[in-house]
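Here's the letter readout for the chains.
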Amino acid sequence: MLGSGEVIGKLKMSWDKLLDHGDESFDLSFPPARGVHPSLTLKVAIVHACDDQNGALSDSLVDCEITRGTDAGHARLAKYVTRKRVSHLNHAVQYFQLVLDRCPVSHPDHATALTNLAYARLQGYIRNHLEDIDAITSLFRDALALRPQCHPDHPLSLYNLTEALTWRHKKKSTAADIREAAQLYHELLPLCPEGAYLRSIAAGANGVDYVIDGCNDLPIDTSDEGIRLRRVVLELCPLDHQLRRGALHWLAEAMEARFEQCGSVDDIDETIQLRREVVSLCPKGHADCNSHLNDLALSLKSRFDHQGKPNDLDEAISLHEEVLRLCPVGYEYRDFPLDNLGSALLARFGKRGDIDDITRAVNLYCEALTLRPPGHPSRDTTLNNLALALKTRYDKLDVSEDLNEAIDRYHESLRLKRLNDPECHVTHRNLSLALCSRFMLTQKNEDVEEAITLCQESLASLPPLHPGICMSHAWLQRAYLSRYHIQCNPTDLSSAMEHFRQSSIHPTAGFPQRILVAIDWARKAEFYQHESALEAYQMCFELFDSHVMTRSSIISRREAATAFCGAQSLPVEAASCAIHSGDIRQAVKLAEQGRGQQWSLASRLRTPVEDLESVNPKLAHDYLELSKHVSNAAQGSAIITDRVAADRAATEYRRLTRQWEAAVTEIRNLRPFSRFLLPPSYEDLQAAARQGPVIILIASQYSSSAIIIPTLGDPHHVPLPCVSLVELTNLKDRFARAIRDASKMGPKVPRNDLIVLLRTVWDAIMLPIVNVLQHGLKLQLHSRIWLCPTAAFTSIPLHAAHPFKTNADGSKEPCLEDLYICSYTPTLSALVRSRQMMKKRVTPSFVTIGQSKPSAGKGKALLAVDSELELVHKLVPATANCTTISGDAATRAGALEALQQNTWVHLACHGKQDRTQPYNSHFVMRDEHLTLLDIMDTDIPRAEFAFLSACHTAVCDEETPDEVIHLAAGLQFSGFKSVVGTLWEVDDSVAKHVVEAFYKNMWRMVVSLTVRRRPGH
């Protein structure tokens, strides 16, 4: 075989001594070279010329010539390296070229001959004695092609080619060379074990480290190929590598640049993870510490702008404050932290409205502007930011001087910006908004015309998928709407609504931005009575659904849903809008879609798939497994407090969610399942009325109505003109006071306030509904009806509506409960779902769970609980297999186990509705609280009926968009077909009397029904 490489020693041994070894192999050692001790194993054999057949002797002679030529070439090359004489280089190249000519492509040593010639010429190129580096590189490529991955010299050929590419980059700064070198090193280093000679030269400063530095100097490339290269470079830098921090930084820069172009939340999440590691690798006091902290803060602020997570903004402000402390007055680059902190405070002011934030932001921008005098390259940025702060303060305090100064600052900023400035579109939009505000004050047409032109220029300057397109459309609609408000041209109104639509559907903008636009669209369309109002409401719900689905836990979903001011009333406003449009079916769907959002998202992962299993068992299995993984990821993320771990968990959750969504799409491609997990149709929702009509009560700022959904046919609209939203809210508060006062009265004292209120409920709300039930639907007396209240209706005891009137013949006018059997349901889907989950009948069992003595600080003792449990045990028939859990056994774990193992449950304990975080609403057990979240996360396969003898078990969440999130609803979500709950605090002795009356009558009815059944039914 040919040698390849440098001369490391000479063999001095006589032929006789060589032949003494006979047929045995033996080792030769050479002096150390670069810390490596090379050795060679030889075996000697004698070839007799007389044995030659068919030209074997000729081949042997050729091989000898090749060997001698190679040795001569290496000898001359060694002299060239040490003496720098070009003549030695030329002789070496001549010998290696001669050898290559003697080794055709089919020769086993052709690759080595190529390598030797290329290596010699590379040495000349390095020392500026040869120029043809392209030919040298081609020779190394040809050699590598002949040495595939399984070849023992494949690593050496990889290294040689990287050397050629690296040297060409050093002299010609060709970006393609450094990129390819990085890819080759990425393949090479895993093939070189630690301690190997090749690794020692490849991993040094002139090897992979040079390539890493060269890649870090490349311009930011947001293409898939560019990102892939940055990942390769990072993998070349293990955890303890001195260049890892730089590799992390530049990958983060590329990821954030792609996020700014395309708006993928995965990109900004990874950016933040990378920047956190950069900060962790930067020693305190290091010169780059400020820069890396600032980068992390800016990335957190970007994610806040896109996702609306308040924790991101708080952390960003904290980091900016730290950077500013590290840059005291007189520091050369103090203007940057001043500007960045101002932007973060401005964002927080927009979220929380604290006047101190906007005041400080203006002051910070003013200081930064003094540090960026005329001629400073960043003066235009600070001018834009200061103008934005002034305009924001004008919106809050209505000081016209702020508005005029803002417009002047925007104009100055635009004059300083380059025509190709990538942020020019931001200043265009901001100035447009300020001009619209001034137009509404002064009605000077030139202001609104300029505003429209600026937004149009902003749109024209951006590529189609740029996230900034969203806000450009949004501000352009503002300009058209401003002009319509003054000039009343219908074309302007149509243009405004179209730009609302385009802004809300823009795919790369963050969901929070699009949701705010859609909400504004719905409000404006309602105000101007535009036909797009229903479409706008539908867009709101779709965006809400997509936005909260990106959150990895139930609690974070609620936080996402409650982050938008005024969103709570969207479901009832959408339903009212549909009613006014005459589309009652659509009103039912919109009310359901908006109100049941939190429950429907959670239920997606629990949807039964029995029908799918009969059609496609494998797809059903894959879907269930993915649902389980997504659910587990959501539950796990809820308990993570570390920011870094939480970001990773969120990324993993989105990865699983994408797989789950792909499975859902595949299911929908099957004909019978085309609407799998889609918002239910009216026909789907009407299934809730299978056992009696369902009545949805809707109260919005526009009107109050009821919709009666019959078992068959179209829904019936019942106007409620005698009660407005304000009056309902007042009625709700009066009920709370009256019930609180009644609890302090003696048993014989008349409850006059309650009588007045219940009469109001009858006259203004329930009587119009009863009239339709009796005369329109011809509903029989004592039929079952379900009430589905929304908004303020949820806190009013509708079932207790009573006329408190005596007829002329002395008879009492019947109340609602005399006419019909009333039940409540939080949503139509909840009623449908609870019935679907009852397909499989199980042997009934009954458990009573009571906690009369909660641990210290968790509530007063409930003296009547134990006797209540005994009473229930006596009233329940022996066939129900009743068990009791109380005292020390009534723990959180014990209660959850009992819920899983029984069909009927009676809970007697303290109940607490958490109004700030309803998923933390709980039953008080002996040790820990049994929370709503615990119940929702637990599989309760046998659930059928629950009696909640506790306070506040059916009190609604006041912040989620008209959502019904309470303990009773949570049990119904978990599968309980029927649940008894309470709206207010209940005295435990009173609860005992209610329990006795309930169970006596219930079991009497059960026995009566059993007797009346025919055998076999």
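Cut-off values and rules
- The residue numbering used here restarts from 1 in each chain and proceeds along that chain's sequence as written.
- Where local features are concerned, this predicted model is filtered to residues with pLDDT of at least 70; where side-chain atom pairs are given and counted, the filter is 80 or more; whole-chain, interface and lining totals use all residues.
- Heavy atoms throughout the structure, all of them, feed into the side-chain values; hydrogens and water do not.
- Helix and strand definitions here come from DSSP, where helices need a minimum of 4 consecutive H or I residues and strands a minimum of 2 consecutive E residues; each element is numbered from the N-terminal end.
- Relative accessible area decides the class of each residue, using a 1.4 Å probe on protein chains only: under 20% of the type maximum gives buried, over 50% gives exposed, and in between gives partly exposed.
- Residue contacts are defined here by distance: any two heavy atoms, one from each residue, within 4.5 Å place the two residues in contact.
- The Shrake-Rupley method, run with a 1.4 Å probe sphere, supplies the accessible areas, and residue values consider only the shown protein chains as cover.
- Expected span, for any helix, means 1.5 Å times one less than how many residues it has.
- Working note: the arc is built from the helix axis to C-beta atom directions.
- Whenever a carboxyl oxygen of Asp or Glu lies within 4 Å of a side-chain nitrogen of Lys or Arg, that contact is scored as a salt bridge.
- Two strands qualify as a pair provided that DSSP identifies no fewer than 2 bridges between them.
- Each axis is a line fitted through C-alpha atoms, and for a helix only the stretch in contact is used; angles between axes span 0 to 180 degrees, taken between their N-to-C directions.
- Stacked, edge-to-face and tilted are the three classes for Phe, Tyr and Trp ring pairs, Trp counted by its six-membered ring, which pair at centre distances within 6.5 Å; planes under 30 degrees apart are stacked, over 60 edge-to-face, the rest tilted.
- Two conditions define a charge sitting above a ring: the NZ of Lys or the CZ of Arg must be within 6 Å of the ring centre, and it must be within 35 degrees of the ring normal.
- Patch building starts from residues that exceed 30% relative accessible area and form no salt bridge, then joins like charges within 9 Å and nonpolar side chains (Val, Leu, Ile, Met, Phe, Trp, Tyr) within 5 Å.
- For classification purposes, angles smaller than 35 degrees are called roughly parallel, those larger than 145 roughly antiparallel, those between 65 and 115 roughly perpendicular, and all remaining angles oblique.
- Here a crossing is called left-handed whenever its near helix is offset anticlockwise from the far helix by less than a right angle, and right-handed whenever the offset is clockwise.
- Side-chain classes are defined by residue name, with Ala, Val, Leu, Ile, Met, Phe, Trp, Tyr, Cys and Pro counting as nonpolar, Asp, Glu, Lys and Arg as charged, and the others, Gly among them, as polar.
- Disulfides are defined as pairs of cysteine sulfur atoms found within 2.5 Å of each other.

**Some thoughts on the overall build of the protein**
Part 1 of the reasoning: Within the protein one finds 41 helices and 15 strands.
Part 2 of the reasoning: Within the protein, the fraction of its 1017 residues that count as buried is 51%.
Part 3 of the reasoning: In the protein, of all internal contacts separated by at least 6 residues, the share reaching a separation of at least 24 is 68%.
Part 4 of the reasoning: Carbon and sulfur atoms make up 53% of the accessible area of the protein, which totals about 47900 Å².

**Some details on helix H3 (residues 86–102)**
Part 1 of the reasoning: In this model H3 runs 24 Å from its N-terminal to its C-terminal C-alpha over 17 residues, within 8% of the 24 Å that 1.5 Å per residue would give.
Part 2 of the reasoning: Of the positions making up H3, those classed as buried are His88, Leu89, Ala92, Val93, Phe96, Val99 and Leu100. Down the axis, H3 shows its buried residues gathered within 135° of arc, on one side only. The exposed residues of H3 that point more than 90 degrees off its buried face are Gln94 and Asp101.

**Looking at the pattern of salt bridges**
In a structure, side chains of opposite charge can pair up when their charged atoms sit close to one another.
Part 1 of the reasoning: In total, this model carries 45 salt bridges according to the counting rule given.
Part 2 of the reasoning: For Asp312, the salt bridge is made with Arg303, and the minimal N-O distance between the two is 2.7 Å. One exposure class covers both Asp312 and Arg303, and it is buried.

**Section: the sheet that holds strand S5 (residues 716–719)**
Part 1 of the reasoning: The strand order S5-S4-S3-S6-S7 describes an open sheet built from five strands, whose pairing is mixed. The outermost strands of the open sheet, each flanked by one partner alone, are S5 and strand S7 (821–824). Each neighbouring strand pair of the sheet contributes to a mean axis angle of 25°, computed without reference to strand direction.
Part 2 of the reasoning: Relative to strand S4 (residues 704–709), strand S3 (residues 694–699) is paired through six bridges, and the arrangement is antiparallel. Bridge pairing in S4 places Leu697 opposite Ala706.
Part 3 of the reasoning: Packed on one face of the sheet, helix H26 (residues 570–580) meets S3, S4 and S5 and runs near 100° to S3.

**Some details on the packing of aromatic side chains**
Part 1 of the reasoning: Enumeration over the complete set of coordinates arrives at 11 aromatic pairs.
Part 2 of the reasoning: Between the aromatic rings of Tyr331 and Tyr333, the centroid separation amounts to 6.3 Å while the plane-to-plane angle is 70°, which identifies the pairing as edge-to-face.
Part 3 of the reasoning: Overall, Tyr333 belongs to the partly exposed group, its relative accessible area being 44%.
Part 4 of the reasoning: Taken together, the ring pairs connect Phe846, Trp904, Phe945, Phe947, Phe998 and Tyr999 into an aromatic cluster.
Part 5 of the reasoning: For Lys171, the ring lying beneath its charged end belongs to Tyr125, and the centroid distance is 4.2 Å.
Part 6 of the reasoning: Taking the ring centre of Phe336 as reference, the NZ or CZ of Arg372 above it sits at 4.8 Å.

**Let's talk about the pairing of strand S6 (residues 784–789)**
Part 1 of the reasoning: Burial within S6 is extensive, with five of its six residues counted as buried.
Part 2 of the reasoning: In terms of strand pairing, S3 meets S6 through four bridges, oriented parallel. By the bridge assignment, Val694 is partnered in S6 with Trp786.
Part 3 of the reasoning: Note: S6 against S7, four bridges, orientation parallel.

**Comments concerning a nonpolar patch on the surface**
Part 1 of the reasoning: Residues Tyr331, Tyr333 and Phe336 make up a contiguous nonpolar surface patch of about 290 Å² in total accessible area.
Part 2 of the reasoning: Its place among the elements puts Tyr331 in the loop between helix H14 (310–325) and helix H15 (335–352).

**A look at the packing of helix H4 (residues 110–126) against helix H5 (residues 133–145)**
Part 1 of the reasoning: The contact between H4 and H5 brings their axes to 8 Å, and the two run at 155°. The pairing of H4 with H5 is recorded here as roughly antiparallel in orientation. Along this stretch, H4 crosses H5, giving a crossing that reads as left-handed. Where H4 abuts H5, its residues Ala111, Leu114, Thr115, Leu117, Ala118, Tyr119, Arg121, Leu122 and Tyr125 lie against Ile133, Ala135, Ile136, Leu139, Phe140, Asp142 and Ala143.
Part 2 of the reasoning: Taken together, the residues that form the contact of H4 with H5 break down as 13 nonpolar, one polar and two charged.

**Side note on the sheet that holds strand S11 (residues 911–912)**
Part 1 of the reasoning: Strand order in the open sheet formed by three strands is S11-S12-S13, with antiparallel pairing between adjacent strands. Looking at the sheet topology across the chains shown, the edges are occupied by S11 and strand S13 (929–931).
Part 2 of the reasoning: Sheet topology places strand S12 (residues 922–924) next to S13; three bridges connect them, and they run antiparallel. Looking at the pairing, Val924 lines up with His929 of S13.

**A closer look at the side chain of Asp335**
Part 1 of the reasoning: If you trace the backbone, Asp335 turns up in helix H15.
Part 2 of the reasoning: Residues in contact with Asp335, not counting those within four places in the same chain, are Ala368, Leu371, Arg372 and His376.

**Some words on the state of the cysteines**
In protein structure, a disulfide is the covalent linkage between the sulfur atoms of two cysteines.
Part 1 of the reasoning: Summed over all chains, the structure comprises zero disulfides.
Part 2 of the reasoning: Here Cys455 stays free of any disulfide, with the sulfur of Cys436 as its closest cysteine sulfur at 6.9 Å.

**What to know about the packing of helix H18 (residues 400–416) against helix H19 (residues 424–442)**
Part 1 of the reasoning: Taken N-terminus to C-terminus, the directions of H18 and H19 make an angle of 150°; their axes are 10 Å apart at the nearest point. Overall, the two elements H18 and H19 adopt an arrangement that is roughly antiparallel. Judged by the sense of rotation from one axis to the other, the crossing of H18 with H19 is left-handed. Contacts from Leu403, Asn404, Ile407, Tyr410, His411, Ser413 and Leu414 in H18 reach Cys424, Thr427, His428, Asn430, Leu431, Ala434, Leu435, Ser437, Arg438 and Leu441 in H19.
Part 2 of the reasoning: Considering only residue class, the contact of H18 with H19 consists of nine nonpolar, seven polar and one charged.

**As for unusual backbone geometry**
Part 1 of the reasoning: Despite not being glycine, Lys84 has its phi angle at roughly 60°, a positive value.
Part 2 of the reasoning: Residue placement: Lys84 occurs in the loop between helix H2 (56–83) and H3.
Part 3 of the reasoning: One non-glycine residue with positive phi stands out, namely Gln443, at about 60°.
Part 4 of the reasoning: Along the polypeptide, Gln443 turns up in the loop between H19 and helix H20 (445–461).
Part 5 of the reasoning: For Gln443, a relative accessible area of 48% puts it in the partly exposed group.

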